[in-house]
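Breakdown of the fold
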Amino acid sequence: MAGRFVRASKYRHIFGRSTKKELCYDNLHISKNAWDSNIIKANPVYLAVNWESGGGGAFAVIPLSQKGRAPEQIPLFRGHTAPVLDTDWSPFDDSLIASGSDDGKVFIWKVPENFSLISDDDKGPQDVSPINKLSGHTRKVGHVLFHPVAENVLATNSGDFTVKLWDIETGESKLTLRHNELVQSISFSGNGALMVTTSRDKKLRIWDLRQEKAVHETQGHTGAKNSRSVWMGEVDRIATTGFSRTSDRQLGLWDPRQPNEPIGGFQTLDSIAGICMPFWDDGTKCLYLAGRGDGNIRYFEYANDELIYLSEYKSADAQRGVAFIPKRGVALHENEVMRAFKTVNDTYIEPISFIVPRRLGRPGLTASEWFGGKDASIPLFDLEHLYSADGTGVDVSAAKTFEQVTAPSPAPVPVKQPATPVETKVAVTVLPPASENPVRPPSPIKQEAPQTFEIPALKKVGRPSTPPQAAPMQAEPKVEKPAPVEIKRESPTTAAPVFLQHAYWKQTTADISVLASIPTQLQKITTLLETQNKQLESQTDQISELTKQLECQTLHVSELTKEVDGLKTQIGSEQAESAKKDEIIRKLELELEQARS
């Protein structure tokens, strides 16, 4: 289509790449509990999975480096007396994890050093016990979430309609946010001072955590199914997913300062029954929506207060749980911007890499240019201090050292200078250094622009008693110049006036005639300027006349506007009178009917 506009975006061509089955995490017993949570959580080192086990709740921790089929028996993190509903990794300690369970307890765990699924102990794998227990909720704990800025601060929401914030070092509940219904999702703001929650009463609430009160409360998604929310980091916007009254999946973008209604209204996605789990990437400003019960992951880019659809990762394998790895864990040398983990058939977990295709590096010179003596600096590109041109990782210190090393300078190569404008060269005799006014060679007179000549008043100049011996002058045309002449050159570096000694130059009639023609040229230029001034004056008069005509037309338009307004008022009054007459007639007809009845 001619004239088609394509929006500029760095991530317009992002795509998802699946992983071969042998490189997935297989032979897992993923929990089949129906509670609405993400089931799995990931960090750059480990992957936490809610485990289907008897005799109380448990979850498993899988090192990301141990891919393939897991052993039949692996060490589990046991301690809860009911199924584990949600887990979350600390953003500041990759071995610290919190869990919430159906037993109403919150446990803090520490992954042992050199943790592995394969055990060499004759007794078999040893389970891990919690290092701290947080008690305060009276019903099941459905979600746990670490604070994004403050260390050892944990938020939990429960079936007792409260959200609590804990100091896990002391084990105390510091703040409590009370709701009217069951809380379905929680999310911290970029600086962690605020929190957004969605609940079963279909309300979207924004909380001031330290004040323990909701600063905004508004109507969210109107559907009967669960809704999710995520705070979009530094963008300071909120994205929500939910359902409409007709069970259509929706996406909403909210301004936390004015959350009366979503920006631009709700965006309808499709009519699939599963909820959408939102994940925000603050680095690329992209929002990922993973649908539960289907194998698709949509991604949108945020720009100008709008979530713009980019593309979709499609798979025939349905997913119940999805987790995204933090930004510090992606493979940048492979142009990976995000990595997700999805559960498949509750038996294995598949990694999905989201990659942005990039162009190859461009050379700074061609072979012929370099062999011809031309040099250029190394072309720069993003992350050039971390990765080499072939895509393999290099040491950061080596990359920085390489920039400081300088190669030995080669012998100077004579390079021809570019051609200069034609100049008039004058041969000058060499004067003795003893003279009071040393003679300097005259600067070349460029033919492109007129030169400024200053002729001082003639005066008698005495000759020295003993004339110096001068070298013979080279025979060139027009080498004689008039008496002392000051020549001003238009060069970047202003030189001192050059005076030629009257004693060593002869005046000629031809040169004096050239100087005498200068006033005539100046007079012509003055005449030309006067003509241009007259033309400008005539154009100014024309512009003034046009301006007056425009003013007259404006006045005429204003008068017509007033007349139209008057007619509108008159018509309105007539319509009002006719309406009154109709009303009176209607009343009379009603009275007549009543009298007849």
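Now for a quick tour of the structure.

The rules behind the values
- Residues numbered from 1 in each chain as written.
- Predicted model: local features only at pLDDT ≥ 70, side-chain atom pairs only at ≥ 80, totals over all residues.
- Heavy atoms only, no water.
- Helix = DSSP H or I, 4+ residues; strand = E, 2+ residues; numbered from the N terminus.
- Contact = heavy atoms within 4.5 Å.
- Salt bridge = Lys/Arg side-chain N within 4 Å of Asp/Glu carboxyl O.
- Buried < 20%, exposed > 50% of the residue type's maximum accessible area, 1.4 Å probe, protein only.
- Polar contact = N/O pair within 3.5 Å; in protein donor to acceptor, adjacent residues only side chain to side chain.
- Pairing = 2+ DSSP bridges.
- Axes fitted to C-alpha atoms, helices over the stretch in contact; angles between N-to-C directions.
- Core = buried A, V, L, I, M, F, W, Y, C linked by side-chain atoms within 4.5 Å.
- Patch = residues over 30% accessible without salt bridge, like charges linked within 9 Å, V, L, I, M, F, W, Y side chains within 5 Å.
- Areas by Shrake-Rupley, 256 points an atom, 1.4 Å probe, with all protein chains shown as cover.
- Phe/Tyr/Trp six-rings, centres within 6.5 Å; stacked < 30°, edge-to-face > 60°.
- Lys NZ or Arg CZ within 6 Å of the ring centre and 35° of its normal.

What about the overall build of the protein?
A count of helical and extended segments in the protein gives three helices and 34 strands. Here the analysis covers contacts within the protein between residues at least 6 apart in sequence; of these, 51% occur between residues at least 24 apart.

With respect to the pattern of salt bridges
Here the structure, examined in full by the defined rule, presents 24 salt bridges. Note that Arg17 is salt-bridged to Glu334, the shortest N-O span being 3.4 Å. Separated by 317 residues along the polypeptide, Arg17 in strand β1 (residues 15-17) and Glu334 in the loop between β28 (322-324) and β29 (336-344) bring together distant segments of the chain. Exposure remark for Arg17: the relative accessible area of 37% places this residue in the partly exposed category. A salt bridge links Asp88 to Lys41; its shortest N-O distance comes to 3.6 Å. Separated by 47 residues along the polypeptide, Asp88 in strand β8 (residues 84-90) and Lys41 in strand β3 (residues 40-42) bring together distant segments of the chain. Residue class for Asp88 comes out buried when judged on its relative accessible area of 10%. One connected set of salt bridges, linked through shared partners, spans Asp236, Arg237, Asp255, Arg257 and Asp305.

A short note on the side chain of Gln250
Here Gln250 shows up in strand β22 (residues 249-254). Residue Gln250 is classed as buried on the basis of its relative accessible area, which comes to 10%. Those residues in contact with Gln250, other than ones at most four positions away along the chain, are His221, Thr240, Thr241, Gly242, Phe243, Ser244, Phe266, Gln267 and Leu269.

Observations concerning the side chain of Arg339
Looking at the element boundaries, Arg339 is found in strand β29. Judged by its relative accessible area of 18%, Arg339 is buried. Among the polar contacts made by the side chain of Arg339, one reaches the side chain of Glu336 at a distance of 3.1 Å. Discounting residues that sit within four places of it in the chain, Arg339 has contacts with Ala323, Phe324, Ile325, Gly329, Val330, Ala331, Ile352 and Ser353.

Points about the sheet that holds strand β4 (residues 46-51)
As summarised here, the arrangement of the four strands in space is β3-β4-β5-β7, forming an open sheet in which the pairing is antiparallel. Each end of this open sheet is capped by a strand with a single partner; those strands are β3 and β7 (77-80). Taking each pair of neighbouring strands and ignoring which way they run, the sheet shows an average axis angle of 20°. Relative to β7, strand β5 (residues 57-63) is paired through three bridges, and the arrangement is antiparallel.

Structural notes on the nonpolar core
When a protein is soluble and globular, its nonpolar side chains tend to lie buried together. In this structure, Leu47, Phe341 and Ile349 are the most contacted members of the largest nonpolar core, which totals 35 residues. Each residue touching Phe341, except ones within four places of it in the same chain, is listed here: Tyr25, Ile40, Ala42, Leu47, Leu64, Gly321, Val322, Ala323, Ile325, Ile349, Glu350 and Pro351. Within the second largest apolar cluster, 19 residues are counted, among which are Cys286, Tyr299, Leu310 and Ala340.

Section: a nonpolar patch on the surface
On the surface, Leu522, Ile525 and Leu529 cluster together to form a nonpolar patch covering roughly 290 Å² of accessible area. Note on placement: Ile525 falls in helix α3 (residues 509-596). Its relative accessible area of 48% is what places Ile525 among the partly exposed residues.

Examining the environment of Val149
If you trace the backbone, Val149 turns up in the loop between β12 (141-146) and β13 (153-158). For the pair Val149 and Gly190, spaced 41 residues apart in sequence, the C-alpha separation works out to 8.3 Å. Apart from residues no more than four positions distant in its own chain, Val149 is found in contact with Phe92, Gly190, Asn191 and Gly192.

Remarks on unusual backbone geometry
Even without being a glycine, Glu212 presents a positive backbone phi close to 60°. Among the secondary structure elements, Glu212 is positioned in the loop between β18 (203-208) and β19 (213-219). With relative accessibility at 37%, the residue Glu212 sits in the partly exposed group. With phi around 55°, Asn304 is a residue other than glycine that occupies positive phi space. Looking at where Asn304 falls in the secondary structure, it is placed in the loop between β26 (297-302) and β27 (307-313). Among the residues examined, Asn304 registers a relative accessible area of 76% and is labelled exposed.

Observations concerning the sheet that holds strand β11 (residues 132-134)
Judged by pairing direction, the sheet is antiparallel, and its four strands sit side by side in the order β8-β9-β10-β11 without closing on themselves. For this open sheet the edge positions go to β8 and β11, each flanked by a neighbour on one side alone. Each strand axis lies, on average, 20° off the axis of its neighbour in the sheet, ignoring direction. As judged from the five bridges shared by strand β9 (residues 93-101) and strand β10 (residues 106-110), these two strands associate in the antiparallel manner. Each residue of the ladder has a partner; that of Ile97, found in β10, is Trp109.

A look at the packing of aromatic side chains
Counted according to the given criterion, the structure contains 18 aromatic pairs. Ring centres of Phe59 and Phe77 lie 5.1 Å apart, and the angle between their planes is 25°; this geometry places the pair in the stacked category. Of this pair, Phe59 sits in strand β5 while Phe77 sits in strand β7, placing them 18 residues apart in sequence. Its relative accessible area of 0% is what places Phe59 among the buried residues. Under the relative-accessibility criterion, Phe77 is labelled buried at 0%. Members of the aromatic cluster, each reached through a chain of ring pairs, are Tyr46, Phe59, Phe77, Trp89, Phe107, Trp109 and Phe115. Over the face of the ring belonging to Tyr348 we find Lys21, whose NZ or CZ atom lies 4.5 Å from the ring centre. Taking NZ or CZ as reference, Lys225 lies 5.1 Å from the ring centre of Phe243, over its face.

Observations concerning the environment of Pro130
On the secondary structure map, Pro130 appears in the loop between β10 and β11. Considered as a pair, Pro130 and Arg78 are 52 residues apart in the sequence and their alpha carbons are 7.8 Å apart. Apart from residues no more than four positions distant in its own chain, Pro130 is found in contact with Arg78, Phe107, Ile108 and Trp109.

Some thoughts on the pairing of strand β24 (residues 276-281)
With six of six residues buried, β24 is to be regarded as a mostly interior element. Of the two faces of β24, the one lined by Cys276, Pro278 and Trp280 and the one lined by Met277, Phe279 and Asp281 are each fully buried. The pairing of β24 with strand β25 (residues 286-291) spans six bridges and is classified as antiparallel. Within β25, the position partnered with Phe279 by the bridge is Tyr288. The antiparallel hairpin formed by β24 and β25 contains four residues in its connecting segment, where Lys285 sits at a positive phi of about 60°.

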